[in-house]
Structures are given as structure tokens and as C-alpha cells.
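# Observations on the model geometry
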Amino acid sequence: MAPSATRKKKGKEDKEWKSAVAKYARGEAAQTKHMADKKLKSKLKESEKLIKDAATDAARAERWLLPAEAGTLEAEGIEQTFQFQQRDIVKEVDARSASKAFDLRLEEQGPYNLDYSINGRYLLLGGSRGHLAHMDWQKGKVFTEVQLKEATHAVKFLHNDNFFAVAQRKYVYIYDKRGIEIHRLKDATSPRRLEFLPHHFLLCSMGDTGVLHYQDTSTGEIIAQHRTGMGPVDCMRQNPYNAIINLGHKNGVVSMWSPNLTTPLVKLLAHRGPVTSCAVDAVGRHLVTSGADGQVRVWDVRTFKPLHSYFSRHPAATVDISQRGLLAVGGGRNLQIWKDALSTKQKSPYMTHRIFGRETREVRFSPYEDVLAAGHDAGITSILVPGAGEPNFDSFVANPYQTKKQKQEAEVQQLLDKPPPSTIVMDPDQIGRVNKEPTEIQKKKKQAAEEASRLAKRKQAEKNERKAKMKGKNRASKRYRKKQSSVIDDRRDKLARKLREQGQKRTEAMRKAREAALSDVPRALQRFVK
């Protein structure tokens, strides 16, 4: 290699290294050249040296521990990425990646719900006619396959792949990896949607009764039961950033719930018709909702304002967001994947695919894999979506290659680190935050709030006193009771009068009998007569 080419390559590597270090730097260094205080000067120099070393170590760790980069589809010339078919992508990838694109034809048991484990290694399938399967989808190994002979509405992995929950016709059931029933949760009746909060070990269920249940799977304790007052829901998804549950209702409202409050934290009018699906990105900034009105809308969770919307000719039945922010929309036989659709409005999709079924029930991205799975009425479809999954995994968070011993240790560590349900709030950063306002200002604000509350209560009480309560005064039952009370009062008066007259007659007879008895007794002995 020529010396000039070597120098160019070295210069490029140095530039990339400097940019990687600058990413972890903390701004400009403190100027110590003209400082007179030698002690302060030495302390600042030592501090700046530690900061520089930390940035260098972080950049070095990123180079060695995060070597993989996410790949995407790139079109040439006038081509568009949504024109690429799955058969074209499968031809260009390696054999292992090509095996991840497949179709499972299960026409007699659909439509299917599905769920991936936290590490993306295992897949759980649940047919609406009772078919249940737990498998290692990368190896094609089926651990359990049973026929429940009962309708299933939702399936969900718990803290690892050893246990999963199934929403059946009447109750929620917990099964192990072998398909053996472990628990039956009788408090969650007629369940239709399931969601699991892995850090808090909380299983959330929602049924036809419109009651949201929170149950701790580590102790079996029921943490909360909230009556939403808006009936059954079509979608329930969690915000992975703050563990808030998002519910999509028939009246077009998306409500956000925490186990600590009996009322929703936020109620958002998202659509002019029923909300069919919703999803939140990994950092908790964007909420995507789809409705029966044909709209797919992107919301900013920090301001609860719409950013932009997309129109779908077929109303979207399900949506999902990948780890790297790709948006999947499924409706009818069509699947669309949008790139950078959360931050800016896109004119065309990133990828499209047409399933062999008639109606898509649910779509889910696989964690740490460029794979999207769709459950529909004819089975399961898995397609390749370059750039969907995070290329580098943290083995302390989710390890796709963990052994049995590592899985046991991770489970114990999760239980030890389990936060209480009271930590589920809209802004988790406020936990442990120091309030910078002086105590006097805090007291004044508290007193003002209490005074406003008292004033509002007083006004409401005065309003209630002035209000004439005429409702129901002329009802048939009211008239009948009034007539009966009049009859009873007349009878009571007659009886009292009769008793009073009888008493007077009795007293008069006793007086006359006494006088007759005293007439035959000498006067001196009359005082001894009873």
C-alpha cells in the first residue's frame, strides 16, 4: 500500500476516533492557565483528566463491545425500497437469516395472537380456537403444543420463557414451558387483553367487564382493580419507559393508567371512532394509535399533542414499533413498514408485504432481530425487515444465548431488584429529584391549593342547597306510599282515641267500686282499705 493511502486511512481512523470520544465528552474543559490559586488549579486539572479518561474508556468500550451496526435497505437510482419483495431479500442474505422468513399455514385454528420473549429467542402462538404453541423459532424447535378446547383471546410471556399467561374464555391461566397449568386467576374474569410489566412483575388484564386488573406474579397479590367506566377495549399496550398502561376504547379515547390511582392519569381523544390498536416506542416519547376511521396518528407523549397522521385505505387493525423506531401497520392482507415515521412525516413506506391470509390480527417485531411476525386467520407469517432490531444486546438486560444457570441467576436478580408498584408514575425521573423551591413557597402553594379546594366545596354546597329537588315527586309509587301513609295515620288516630276512651271508662269504674267499698267501712278504718 502506498504511503499516501496509508496516511489517508490513518487520518480517517483518527477522525472517527475523535468523534467517538467527543460523543461522551462533557463540553469544554475548564480554563486553568491564569488561575492564581494553585490548589484549585490542581484539583480542576485532576478532574478534567478523569473526565477525559472516562470519555476515552467509553469510546473504547463502544468500539469493542458494540461492533455491529444496523443495516437497512438502500435503493439505487429511481428504485424505491418498498418495491423490494421478500424473495429478493432472502436471496441476498446468509442461510441463517434466510431461515427466519417463513410461513406457518394453520387455517383451521386461526386467527392467531403471538408474543416474543424479552430476549427475542422464543415465540408464543395462541389460536382463537384453542391451539397453543411455545417454540424456539430460530431453531424451529417446538417445546409444547396443546389444544385447550377453549377460545383464547391473548397470550403473553412473563419474566422469562419458562412461564406464560393465556387469556381464555372465562379466566386467565398461567402455564409453564411444558404446557402444564400452574395457576388459574379467578379474579380476572372474561379476559380479552394481557400485558406484563417485567420490572415490577405485574400481570395486567382487561376483560369484558371493563375492569383493569394488576396482579403480582411473584406473590399472587392483587395490587389494584380499576373500573374504567368505558367498557371493554380493543387494545392494551404498556409504555416501556414508565410502565404506564395505555388502553384504547370504543369511543376513540386512549386512557393511561397507573396502579396507584383509580382514575386515568391522561384521557386523550385520539380518533372519531373505536381505537383498534396502539404502541409506544422504546424511549417513551411517541405514541402511535390506529382507529376505525382509517387514521394512523403519531402523538408526542410529553405534550399529548398530535405530530402527524397517515391515512390507510383499509383501517389498520394492529401497529407495533421496533427497537430502532420502525413502525409496522397491519390491516386486511397488507403489511406496511415505515422508517423514520415517528419524527417526521414520510411520503412512502419503507417496505410492504402481502400475507397469504385474509385478515391480520396482530404484528410484533422480534427484539434484537430484523424480523417482523404477523398473526392472521390463516396462520403465522415471518418476514425480514433490515434495520428493525437492535444489533447489540446487553447480557444483563436480555441475553438470547443465556444458559440455564444464567437464567436462574437473572431471575433471582430480577426479584431482588423489583421496584414497588408505587414507583409507576408518568415521569419516573421525578423519583429522587430534589425540589429546589424554598420551604416557604411550598407552604404558600399548599395553603393556596387547600383554600381553593375549600372554596370550591363551599360553592358546591351552597349550590346544592339552592337546588330544588323535585325529581320523582309525582311518581306512581310515591303517590301510592302517600295514600297508604294517610290511611295508616287515620287508623292510628282512631285506635288511639278508642284506647283513650277505654282507659277513661276503666278508671271511672275503679273509682266507683272504691267508693262503694268505703261506704260499708267505718270512717276510722277507711285508710286501711286498698
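Keep in mind that what you see is a predicted model, and the values were worked out from it rather than measured.

### Examining the overall build of the protein chain
A tally of regular secondary structure across the protein chain gives seven helices and 28 strands. For the protein chain, the proportion of its 530 residues judged to be buried stands at 38%. Considering only contacts within the protein chain whose residues lie at least 6 apart along the sequence, 45% involve residues at least 24 apart. When the accessible surface of the protein chain is split by element, carbon and sulfur atoms take 51% of a total near 33000 Å².

### Looking at unusual backbone geometry
Following glycine 110, the chain continues into proline 111 via a peptide bond in cis, with omega recorded as 0°. Tracing the backbone through its elements, the reader meets proline 111 in the loop between β1 (102-105) and β2 (112-116). Despite not being glycine, phenylalanine 201 has its phi angle at roughly 55°, a positive value. Assignment of secondary structure puts phenylalanine 201 in the loop between β10 (191-197) and β11 (202-207). Its identity is not glycine, yet tyrosine 368 carries a phi of approximately 60°, on the positive side. With respect to the helices, strands and loops of the structure, tyrosine 368 is situated in the loop between β26 (360-365) and β27 (371-376).

### Some thoughts on the environment of tyrosine 350
Checked against the element boundaries, tyrosine 350 lands in the loop between β24 (334-338) and β25 (351-354). Residues tyrosine 350 and phenylalanine 84, spaced 266 residues apart in sequence, show a C-alpha to C-alpha distance of 9.6 Å. If we skip the residues at most four places from it in the chain, tyrosine 350 touches Thr72, Leu73, Thr81, Phe82, Leu326, Ile337, Trp338, Lys339, Val385 and Pro386. Only 2.8 Å separates the side chain of tyrosine 350 from the backbone nitrogen of leucine 73, close enough to count as a polar contact.

### Quick look at the packing of aromatic side chains
As enumerated under the stated definition, the model contains eight aromatic pairs in all. Considering the side-chain rings of tyrosine 368 and phenylalanine 393, the 6.4 Å spacing of their centres and the 80° angle between planes classify their relative orientation as edge-to-face. One end of the pair, tyrosine 368, is in the loop between β26 and β27; the other, phenylalanine 393, is in the loop between β28 (379-384) and α5 (404-416), with 25 residues separating them in the sequence. The exposure class assigned to phenylalanine 393 is partly exposed, which follows from its relative accessible area of 34%. With centroids separated by 5.9 Å and ring planes inclined at 55°, the aromatic side chains of phenylalanine 393 and tyrosine 401 adopt a geometry described as tilted.

### Topic: the sheet that holds strand β23 (residues 327-331)
Strands in a sheet are paired, the pairing made by backbone hydrogen bonds, and the direction either parallel or antiparallel. With respect to topology, four strands assemble into an open sheet ordered β22-β23-β24-β25, the strand pairing being antiparallel. Edge positions in the sheet fall to β22 (318-321) and β25, since each has one partner strand and no second. Sheet twist, expressed as the average angle between the axes of neighbouring strands with direction ignored, equals 15°. In this structure, β22 lies alongside β23, joined through four bridges in antiparallel fashion. Bridge pairing in β23 places isoleucine 321 opposite leucine 327.

### With respect to the sheet that holds β1
One open sheet holds the four strands; their spatial order is β1-β28-β27-β26, and the pairing between them is antiparallel. At either margin of the open sheet sits one strand with a lone partner, and together these are β1 and β26. Direction aside, neighbouring strands of the sheet carry axes that sit 15° apart on average.

### A short note on the nonpolar core
Among the nonpolar cores identified, the biggest contains 30 residues, and Leu125, Ile337, Leu372 and Val385 are the most heavily contacted of them. Going through the elements one at a time, β2, β3 (122-127), β4 (131-136), β24, β26, β27 and β28 are the ones with two or more residues in this core. Considering each element in turn, this core owes the most residues, four residues, to β27. Residues within four places of isoleucine 337 in sequence aside, it is in contact with Leu326, Leu327, Ala328, Pro349, Tyr350, Met351, Leu372, Ile383 and Val385.

### Details of the pairing of β2
For β2, a buried count of five out of five residues is recorded, marking the element as mostly surrounded by other parts of the structure. Taking every second residue as pointing to the same face, both faces of β2 are buried, with Tyr112, Leu114 and Tyr116 on one and Asn113 and Asp115 on the other. With five bridges joining them, β2 and β3 adopt antiparallel strand pairing. Within the sheet, the bridge partner assigned to leucine 114 lies in β3 and is leucine 125.

### Brief notes about the side chain of histidine 308
Structurally, histidine 308 is set in strand β21 (residues 305-311). A distance of 2.7 Å separates a polar atom in the side chain of histidine 308 from the backbone oxygen of alanine 341. Setting aside its immediate chain neighbours within four residues, histidine 308 contacts Val296, Arg297, Val298, Ala341, Leu342, Ser343, Thr344 and Lys345.

### Observations regarding the state of the cysteines
Tallying each qualifying case throughout the model produces zero disulfides. Here cysteine 235 is not cross-linked by a disulfide; its sulfur's nearest cysteine counterpart is in cysteine 278, at 3.4 Å. According to the relative accessible area criterion, cysteine 235 is buried, its value standing at 5%. We classify cysteine 278 as buried; its relative accessible area is 0%.

### Overview of the side chain of histidine 226
Take histidine 226: it is sitting in strand β13 (residues 222-227). The class for histidine 226 is buried, based on a relative accessible area of 4%. A polar contact is formed between the side chain of histidine 226 and the backbone oxygen of leucine 261, at a distance of 2.9 Å. Aside from chain neighbours lying at most four places away, what touches histidine 226 is Gly210, Val211, Leu212, Tyr214, Trp257, Ser258, Pro259, Leu261 and Thr262.

### Concerning the environment of aspartate 320
As for its placement among the helices and strands, aspartate 320 is situated in strand β22. When its relative accessible area of 5% is taken as the criterion, aspartate 320 is described as buried.

### Concerning the confidence of the model for the protein chain
Of all residues in the protein chain, 90% have pLDDT values of 70 or greater, and the mean over the chain is 86. Within the protein chain, strand β15 (residues 245-248) carries the highest mean pLDDT (96), whereas helix α1 (residues 3-23) carries the lowest (65).

### Brief notes about the pattern of salt bridges
Under the definition given, this model contains 20 salt bridges. The residue glutamate 390 makes a salt bridge to arginine 324 at a minimum N-O spacing of 4.0 Å. In this pair, glutamate 390 sits in the loop between β28 and α5 while arginine 324 sits in the loop between β22 and β23, placing the two residues 66 residues apart along the sequence. Given the relative accessible area of 28%, glutamate 390 is considered partly exposed. Assessed through its relative accessible area of 44%, arginine 324 is described here as partly exposed. The shortest N-O distance in the salt bridge between arginine 364 and glutamate 362 comes to 2.7 Å. The exposure class of arginine 364 is buried, given its relative accessible area of 14%.

Parameters at a glance
- Residues numbered from 1 in each chain as written.
- Predicted model: local features only at pLDDT ≥ 70, side-chain atom pairs only at ≥ 80, totals over all residues.
- Heavy atoms only, no water.
- Helix = DSSP H or I, 4+ residues; strand = E, 2+ residues; numbered from the N terminus.
- Buried < 20%, exposed > 50% of the residue type's maximum accessible area, 1.4 Å probe, protein only.
- Contact = heavy atoms within 4.5 Å.
- Areas by Shrake-Rupley, 256 points an atom, 1.4 Å probe, with all protein chains shown as cover.
- Polar contact = N/O pair within 3.5 Å; in protein donor to acceptor, adjacent residues only side chain to side chain.
- Phe/Tyr/Trp six-rings, centres within 6.5 Å; stacked < 30°, edge-to-face > 60°.
- Pairing = 2+ DSSP bridges.
- Axes fitted to C-alpha atoms, helices over the stretch in contact; angles between N-to-C directions.
- Core = buried A, V, L, I, M, F, W, Y, C linked by side-chain atoms within 4.5 Å.
- Disulfide = S-S within 2.5 Å.
- pLDDT = per-residue confidence, 0-100.
- Salt bridge = Lys/Arg side-chain N within 4 Å of Asp/Glu carboxyl O.

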